[in-house]
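Observations on the model geometry
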Amino acid sequence: MTSETTYREKGRAVVLAALMVLSVVAMSAAFAGGAAAVDSSETDTINDGDRFWKGEQLYASGIDGNNWASDETEVALIDDDGTLVREIPTEKIEGGSGLYVDIDTSELSGEYTLEGETAGPNSVNFTVNDQNLKASFSANETSLNTEEDLTLTSARNGYDVNVTAEGISGSNLAHALGVEGDSDVTVTDDVVTIESVKSSQKWSVAFDEGNFSTGEQTFTFTATDTGAEASTSIDLTSAADTSADFDANTYEQEVGDVAQFTLEPSQTDEMYVNVTEEDENYHAVLRVHSYDDADEVTVNFNTYTASTDVAGSFSAADEGEVELVDKKNNIGANNRLLPSDFELEAYVADSSEGEADATDAAVLILEDRSTDDLTTWTAPASYNVDSDIDTILEDATQSDTVANGDLLVTEVEATGVYGYMTNDAGELVGEGLNLNYTDTNDPRYSEPDQFGVNDLGDNAQIVEDAENDTFYVVADIGAHDMVDNDETWNVSFSVNESNGYIQSADDEELVSQEVDVEERSIDFASELDDEDRLEIENSENSEITAETNVAPGTEVTYRIRFPTEVTSGEAVVGEDGMATASWDFSDQEAGQEIDNIRMTETGADAEVSASGIIVQGESSAPDSFEYDVSTSPSEPVKGDDVTGTITAENPAEDTMSEDVTFTFDGEELANDTVELEGGASDTIVDGATLLENASAGDYEWELTANGEVVEDGTLTVEDPDKGDGDDGSDDGDDGGDDGTPGFGVGVALVALLGAAMLALRRQN
């Protein structure tokens, strides 16, 4: 094989040589630095440990605060391995007497040493770092008229950056970034320069339809001094339809209450609402905003203050903010809104100038208010008046009697009061609303005792449930010095002519209820014997019952002192005024004396005590059926059909019923309610099929009554073919009863079949 240089190879060599020459020239130009004139304002000395960023142009007039020697002609740039990177010639500072060196960092990265002759130290160490500029949007795609976060990160902090966006003017770009008018921002034709950018900087970019178009939009960031650059793109699609919609066509409320209507925004961060009375005597334009990503915003409209304080009558129920943009009020500051229909219109632009189009409409109907009913309840004294109302109501009992010290809960059903009923301190504000307690004992020569709910101070709490047109007053009226035991008081709620919705005294509204205040009492429900002793049976369920007038739900404690021991217990008062506790005194002998039995209602003064005696208890009657479960056959074997029978007997004198289930081998075979008269019996499962052609094995079964297991067990089906499992190996016998030495019948048959098949194969 021969080697011959072709013209193509010669040409390639020429090109490579030319490229090498050009590379050398380019590198020499880079090492030489710029030749532009540099004045003293652009130069500085490099100090030990200084950090610079790749791409910066450094004009070093010396090191560590000392200038280069006047006869210095060049300085050396050395990398961290001690290798000379290049020698840099000194240049004369324009308009000055000093020298400088021009260091281009675009090809540098890492630690370096600069060495030269100075009046002080002759070398200095510094670093050049990559800026690592990166930009990204929070999404790859968005629609016009929306916002997306744009993040710019860098290893560097506090640098200046130029921002451009393809096809977007500088002013529109500054608006999109939200930086227009900022003191550290400069805007030119198509560039926005932002000073002192943080190492991680975020902007919320507004892609307004008037400034941006659909398609890919690229943003480019360039550090002003290093040239470090980063770009990011986002796909812009057509603007989604913006709208503000009501969640209902009609809203209803009574005048004097707080009406609500709910808006649902779509692709808009603000909404406007027109609220207009049907005769146009009242008009308000609202701006709803700052609701972030909420799916809906509910607006409160206080119809009581609507005319006296238009702006303060509207507020956000939860998400967002509501502000008044425009209003018209011909009702007058001293009048109240009357029942009327209000037109509601929703917009996504300011509707006060009349140029916007409504995106939805609804109607708010304000109806007449009313005062409807008053009911009284009693709750245990263990609660405070300011306890959670739901918890109090769980234990409250409707009653027109209250034991002194228990809580009296007054429930009032009324509408048109919840826009103004209480002040910030929780007190009834007046405005013609009165909740009073009046002694029904009317003296001949003076007015009866009376006080209002506010007179109870901390001994009363008003709780509003406007959603259900109800409010509650929880009070300890016994804490007022006018209230005594064995008195009857009238609890009333009235709305008089001082209220804006009551035209005259003849229209006054009143609901009331009389309540008896009793001294707290507790006593034994059972009569004492002739020796004033309480008789207690010696049974497993020995009971003592208290009879009391305290509120149901109150706890009663019991203390029983025997000569040699003390036992205690507790019970809760039921709605019948009874509280029963039980003990197991079955080991006590009849005739055993009890020194003292004391009952006290918890947390109060009422108590009663007496001595006692154990008496013979009656034998307890049976409280459940007796069952018998049987199978046929009783000891089944493999192949049997097995049936089951269950009988039930009521050993008690009275008629009883029980819910019975029977489960066999995981399958529920019976589920029924069985009722038997006293002493009666019945077959409740009669020969039910449990197994057909039974397989050998164990089968679990279970019988329950009223959810409790009363009988269970395992039915075993034997396999008679298995015998006792003895294979005769103990005496060395070769086989069984078939007389074939060394093999059983089965093995012999297999051997014969094998021989026959082998013979057939050989014939073939």
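Structural data are supplied above this passage.
This report concerns the structure included in the present document. (Residues numbered from 1 in each chain as written. Predicted model: local features only at pLDDT ≥ 70, side-chain atom pairs only at ≥ 80, totals over all residues. Heavy atoms only, no water.)

**Some thoughts on the overall build of the protein chain**
Within the protein chain, the secondary structure is distributed over four helices and 53 strands. By sequence separation, contacts in the protein chain at least 24 residues apart represent 63% of the contacts at least 6 residues apart. Accessible surface computed for the protein chain: about 41,800 Å², of which carbon and sulfur atoms make up 39%. (Helix = DSSP H or I, 4+ residues; strand = E, 2+ residues; numbered from the N terminus. Contact = heavy atoms within 4.5 Å. Areas by Shrake-Rupley, 256 points an atom, 1.4 Å probe, with all protein chains shown as cover.)

**A short note on a negative patch on the surface**
Residues Asp628, Glu635, Asp665, Glu667, Asp698, Glu700, Glu702, Glu711, Asp712 and Glu718 make up a contiguous surface patch of negative charge. At the level of elements, β52 (697-705) and β53 (708-717) are the ones that each hand at least two residues to the negative patch. Tallying contributions element by element places β52 first for the negative patch, with three residues. Within the secondary structure, Glu667 is located in strand β50 (residues 667-676). (Patch = residues over 30% accessible without salt bridge, like charges linked within 9 Å, V, L, I, M, F, W, Y side chains within 5 Å. Salt bridge = Lys/Arg side-chain N within 4 Å of Asp/Glu carboxyl O. Lys, Arg positive; Asp, Glu negative; His and termini not counted. Charge placed at Lys NZ, Arg CZ, Asp CG, Glu CD.)

**As for the sheet that holds strand β33 (residues 433-439)**
Here we have five strands laid out as an open sheet, ordered β31-β38-β37-β33-β34, and mixed in their pairing. A single partner strand is all that each edge strand has here, and the edge strands are β31 (401-403) and β34 (450-452). Taken over all neighbouring pairs, the strand axes of this sheet differ in orientation by 30° on average, direction set aside. Relative to strand β37 (residues 487-495), β33 is paired through seven bridges, and the arrangement is antiparallel. Directly across from Tyr437, in β37, lies its bridge partner Val491. (Pairing = 2+ DSSP bridges. Axes fitted to C-alpha atoms, helices over the stretch in contact; angles between N-to-C directions.)

**Section: the sheet that holds strand β40 (residues 533-537)**
Strand order in the open sheet formed by five strands is β40-β46-β45-β42-β43, with mixed pairing between adjacent strands. With one partner strand each, in any of the chains shown, β40 and β43 (566-572) form the two edges of the open sheet. With direction set aside, neighbouring strand axes in the sheet form an average angle of 30°. In terms of strand pairing, strand β42 (residues 555-561) meets β43 through seven bridges, oriented antiparallel. Among the inter-strand pairings, Tyr558 is bridged to a residue of β43, identified as Gly569.

**Observations regarding the nonpolar core**
Tyr282, Phe314, Leu435, Tyr437 and Phe493 are the most contacted members of the largest nonpolar core, which totals 64 residues. Residue contacts for Leu435: discarding those within four places in its chain leaves Val412, Leu428, Gly452, Val453, Phe471, Val473, Val491, Ser492 and Phe493. (Core = buried A, V, L, I, M, F, W, Y, C linked by side-chain atoms within 4.5 Å. Buried < 20%, exposed > 50% of the residue type's maximum accessible area, 1.4 Å probe, protein only.)

**Some words on the pattern of salt bridges**
Applying the stated criterion across every chain, the model contains 12 salt bridges. Lys54 is the partner of Asp130 in a salt bridge, and the nearest nitrogen-oxygen pair spans 3.9 Å. Taken together, the residues span a long stretch of sequence, with Asp130 in the loop between β9 (123-129) and β10 (134-137) and Lys54 in the loop between β2 (50-53) and β3 (57-63) at a distance of 76 residues. Look at Asp130 and you get partly exposed, because its relative accessible area is 33%. The partner of Arg287 in a salt bridge is Glu270, and the shortest N-O contact between them spans 2.8 Å. Of the two residues, Arg287 is situated in strand β23 (residues 282-289) and Glu270 in strand β22 (residues 270-277); the sequence distance between them amounts to 17 residues. Several salt bridges share partner residues, and in doing so they unite Asp529, Glu531, Arg533 and Glu593 into one network.

**A look at the packing of aromatic side chains**
Each aromatic ring pair is summarised here by two numbers: the centre-to-centre distance and the angle between the ring planes. Overall, the coordinates contain 27 aromatic pairs when judged by the stated rule. Their ring planes at 20° and their centres at 6.4 Å tell us that Phe212 and Phe219 sit as a pair that is stacked. The burial state of Phe212 is the same as that of Phe219; both residues are buried. A ring pair is formed by Tyr282 and Phe301, whose centres lie 6.4 Å apart and whose planes are at 25°; its orientation type is stacked. Taken together, the residues span a long stretch of sequence, with Tyr282 in strand β23 and Phe301 in strand β24 (residues 297-302) at a distance of 19 residues. (Phe/Tyr/Trp six-rings, centres within 6.5 Å; stacked < 30°, edge-to-face > 60°.)

**Focus on unusual backbone geometry**
The omega torsion of the bond from Ser632 to Pro633 falls at -5°, within 30 degrees of zero and hence cis. Here Pro633 lies in the loop between β47 (626-632) and β48 (642-649). In this structure, Asn132 takes a positive phi of about 50° despite not being glycine. The topology assignment puts Asn132 in the loop between β9 and β10.

**With respect to helix α2 (residues 170-177)**
Burial in α2 covers these residues: Gly170, Leu173, Ala174, Ala176 and Leu177. Along α2, the residues classed as buried sweep out an arc of 160° about the axis, all on the same side. Buried residues belonging to α2 abut β12 (147-153), β13 (159-165), β14 (185-187), β15 (192-197), β16 (200-206) and β17 (215-223). Of the residues one or two after α2, Gly178 is the one with positive phi, at around 75°. (Arc of directions from axis to C-beta.)

**Remarks on the pairing of β10**
Each regular strand displays side chains that alternate between the two surfaces of the sheet. In β10, alternate side chains face the same way, and those of Ala135 and Phe137 are buried while those of Lys134 and Ser136 on the opposite face are not. Across four bridges, β10 lies against β12 in antiparallel orientation. Pairing of Lys134 across the sheet is with Thr153, part of β12.

**Points about the side chain of Thr298**
Relative to the helices and strands, Thr298 is located in strand β24. Given a relative accessible area of 18%, Thr298 falls into the buried group. Polar side-chain contacts of Thr298 include one of 2.9 Å to the side chain of Thr262. Beyond its immediate chain neighbours, meaning those up to four positions away, Thr298 contacts Gln260, Phe261, Thr262, Ser315, Ala316, Ala317 and Asp318. (Polar contact = N/O pair within 3.5 Å; in protein donor to acceptor, adjacent residues only side chain to side chain.)

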